[in-house]
Each structure stands twice: as structure tokens, then as C-alpha cells.
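Descriptive structure summary
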Amino acid sequence: MKFNTKAIHGGQHHDPSTGAVMPPVFQTSTFAQTSPGKPIGDYVYSRSANPTRTALENALASLENGVKGLAFSSGLAATDCLLRSFKAGDEIIAMDDLYGGTYRMFTKIYKDSGIKFHYVDMNDMEKFQSLINENTKLVWLETPTNPLMKLADIEAIALITIPKKILLAVDNTFATPYLQNPLDLGADVVMHSATKYLAGHSDVIAGALIIKDKVLAEQLYFQQFATGATLGPMDSFLVLRGIKTLHLRMQRHCENGLKVVEFLRNHPKIKTVYFPGLSGHPFHTIAKKQMRGFGGMVSFNFVSGEKQDSIEFLEKLKIFTLAESLGGVESLANHPALMTHASIPEDIRREIGITDDLVRLSVGIEDADDLIEDLKQALA
Ligand SMILES: *Cc1c(COP(=O)(O)O)cnc(C)c1O
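The rules we used
- Residues numbered from 1 in each chain as written.
- Predicted model: local features only at pLDDT ≥ 70, side-chain atom pairs only at ≥ 80, totals over all residues.
- Heavy atoms only, no water.
- Pairing = 2+ DSSP bridges.
- Helix = DSSP H or I, 4+ residues; strand = E, 2+ residues; numbered from the N terminus.
- Axes fitted to C-alpha atoms, helices over the stretch in contact; angles between N-to-C directions.
- Contact = heavy atoms within 4.5 Å.
- Buried < 20%, exposed > 50% of the residue type's maximum accessible area, 1.4 Å probe, protein only.
- Arc of directions from axis to C-beta.
- Domains from an automatic or database assignment.
- Buried area = accessible area lost by both parts, 1.4 Å probe.
- Salt bridge = Lys/Arg side-chain N within 4 Å of Asp/Glu carboxyl O.
- Polar contact = N/O pair within 3.5 Å; in protein donor to acceptor, adjacent residues only side chain to side chain.
- Nonpolar A, V, L, I, M, F, W, Y, C, P; charged D, E, K, R; others polar.

Further remarks concern the sheet that holds strand E5 (residues 116-120). Taking strand neighbours across the sheet as the criterion, the 7 strands line up as E3-E9-E8-E7-E6-E4-E5 in an open arrangement whose pairing is mixed. Each edge of the open sheet is held by one strand with a lone partner, namely strand E3 (68-72) and E5. For this sheet, the mean inter-axis angle between neighbouring strands, taken without regard to orientation, is 20°. Contacting E3, strand E8 (189-193) and strand E9 (207-211), helix H2 (residues 51-64) crosses the sheet at an angle of about 125° to E3.

Pasting the structure below:
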């Protein structure tokens, strides 16, 4: 089945009792049994499984070519579930340009766990390999990264992790399975903030893990069941409905993203545009190798380098909404240093290039001409 068909039908079937085309929102906590330990159907209690969530989880597994999908109450809950697989003495190597909340979890919540975290530029393969030892249990990638659109070569990294039996997990939130399938490139686990492109309508907080291997899938399922950060039936329904148009939305996000980039890179007030689709982008070659398009996330900074310029620009926007988050149908703008990445210490932000004049856009699916007019007037 090709992707556009999978987005609508992957892992799905009509409701067996009524023929309902969309799975009903099974808003129930528990399920009747005929005799102790003999439930009427496959379900017992909604923390362990709920049919609406199962429908979403099957769709997720299908889109990412995994054996199992797990739906969580947020993207961070999904990451936390995976992190619980590790113990004191284990070492984790992560990219140095991570989603702020992921970085906060690693550095604040897991600080006293005895797990040792290393942060590295994943394009420095020598440095990356020098950090690997017998305690290395997980490599955590985010590609493209947020907000600087750095990429990591998933396949090249998998060639190193697979023979050493190190788990490779990829936060695929920015690319979505429409543009990139990490499991096909050698990763073991894909993580999503389904809050973003998968749900796509800025109306739900949700997360996902999709797993390639059956044994690991069962382990993570047990972990989720035993700790409880599952996605509710209504939210599962909303994410599933969003997924049905993922391919259409992503196609337009990609088209609009390219048009906005074309405008920005020719604007005299703008210094650097960060977008993997630009041939001059340092990661363009990797992007072409592992992605089927470049998405709608664009960051840029100002020739002046002035924080004030970025603030005035963001205050003047009319169609773009100044807000955290991304991946919805509407265009959003964000100031990473003051908003999404404020939890990263200033010196580390500087080091990785999140300057105080950096702006991140999540280009939506409105008319591109209107979006460009809006950017033009805000830059004037
Ligand atoms: C939003 C986001 C997360 C966290 O997801 P939540 O659903 O907000 O918990 C993780 N990674 C990336 C890349 C994100 O954009």
C-alpha cells in the first residue's frame, strides 16, 4: 500500500458491531465480563487498551512501518516511557540540538537517575564514536532539529549502533512519516509529538512510540500500561482523524515552506535562512538522501543580529500567530530563545546557535501569497 492510501486505511477496519466507518469514541473506562477473567471482547480496562486508542496505534504502526504503535498523553510521556528502560550506569548519547522539553527531561528529571547523558554534534562521527562504550544503551536523534534544522544521517548512525546492539531512537516529529521513515533506515524506535503534524489541527496534546521489534514493543507496552500515561479515547479519535489528511497537509506545508523560504532568502534584512531544502544548507545532501521533501519548518535570523528586530517582527505579524507549538494547519511564529527554548541555559543556546534574533516559523496551509504578504509587512 502506498503512503496516501495508508494514511486513510492503514491498520484500519470498520467497526465490527455497527459497520461505523470511523472507530467510535469508546468513552469507557472498563469492559464487561461474563465470568471472572472472561471479558466479552478483547478489552478489560482502558489503561491497558481501549478500542479507539488501538485504532490509532494500528494506524501509527502502519505509517511508520513498525510492528506496534503506542499512543501517549503527550510526546514527552512517550519519551519518558522509553527512558524508563534504562538504569543507573547506562549511558545515552543524544544530539546537541534537542527539543527544549526533551533536554529539560534528560537534564532535570533524569539528573539523579545514574544514567549518564552525552550531547554531541551527530555530524562529527569521530566524536560520536569516541563516546561509545560498553555502557552505551541508547542513541537519541532528532532530525531535523528544532529550531536550527540540523540533520543527522540516520542510516549512517544505524550502521554503527546495530552491530553494537545499541538502541537507536528518532524523534520524527518535524519530518512526519510522510517525509521520513526512520525504522526503514535502521532505527529501532520512532517517537512523535502527535500534538504537531500528525494531529495537525492544534487541538490535542498527544505522543507516540512506534517500534520495529516485537520484544521491545512488548516491553514498552508493559512500561506504558504499568505507569499509565496513555492517550484518552477522544484524543485518540482526534489524532486518528488528523492522520487521514496527513499526506494532503504535508504536501501543502512543503509547497508553502519552499515559497516562504524563497521570499525570506532574498530579503535584505534577513541574514541566514535555516531550511534543509536549500542547496546551500549544510545538511541538504543528507536531507535529499533520507527525506522525501523538506517540510514547513523554517528558521531565520536578522542581518542586524538584534533581538529587538525579531521581537518587533513577531509583534507585527497578522496571519502568523505568535505561539509555541507547530505543525497545525495555521501558520505559527515563535521566538525560540524567549519561548520554546528558554529552558536551555543561555551559554548553551549561544554555543549551538540559538541566537537572540532567531525566529522560527511553522508555515501552515493557508494561501502562500497571503503568508508572504504578512511576512513582508512585518519586516518593513
Ligand atoms: C513538541 C515536541 C515534543 C514534545 O511533545 P509534547 O506533545 O509537547 O509533549 C518533542 N519533540 C519535538 C520535536 C517537539 O516539537
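Now, onward.
A few words on helix H12 (residues 307-316). Listed in full, the buried residues belonging to H12 are Ser 310, Phe 313 and Leu 314. Down the axis of H12, the sector holding all buried residues measures 95°, keeping them to one side. Tucked into the core, H12 has its buried residues touching strand E11 (297-302), strand E12 (321-322), strand E13 (332-334), strand E14 (359-362) and helix H14 (368-379).

As a further point, take the domain arrangement of the chain. Domain annotation of the chain identifies domain 1 (3-243) and domain 2 (246-379). Here the C-alpha centre of domain 2 lies 26 Å away from the C-alpha centre of domain 1. Across the contact, 44 residues belong to domain 1 and 44 residues belong to domain 2. Contact between domain 1 and domain 2 buries roughly 3500 Å² in total, counting both sides, with carbon and sulfur atoms accounting for 62%. Linking domain 1 with domain 2 are 1 salt bridge, by the criterion used here. Here Lys 289 makes a salt bridge to Asp 153, at a shortest N to O gap of 2.7 Å. Where domain 1 meets domain 2, there are 18 residue pairs in polar contact (both at pLDDT 80 or more). Breaking the side of domain 1 that touches domain 2 down by element, the ones donating at least two residues are helix H1 (3-9), helix H4 (100-109), helix H6 (154-161), helix H7 (176-179) and helix H9 (233-243). Broken down by class, the residue content of the side of domain 1 that touches domain 2 amounts to 24 nonpolar, 13 polar and 7 charged.

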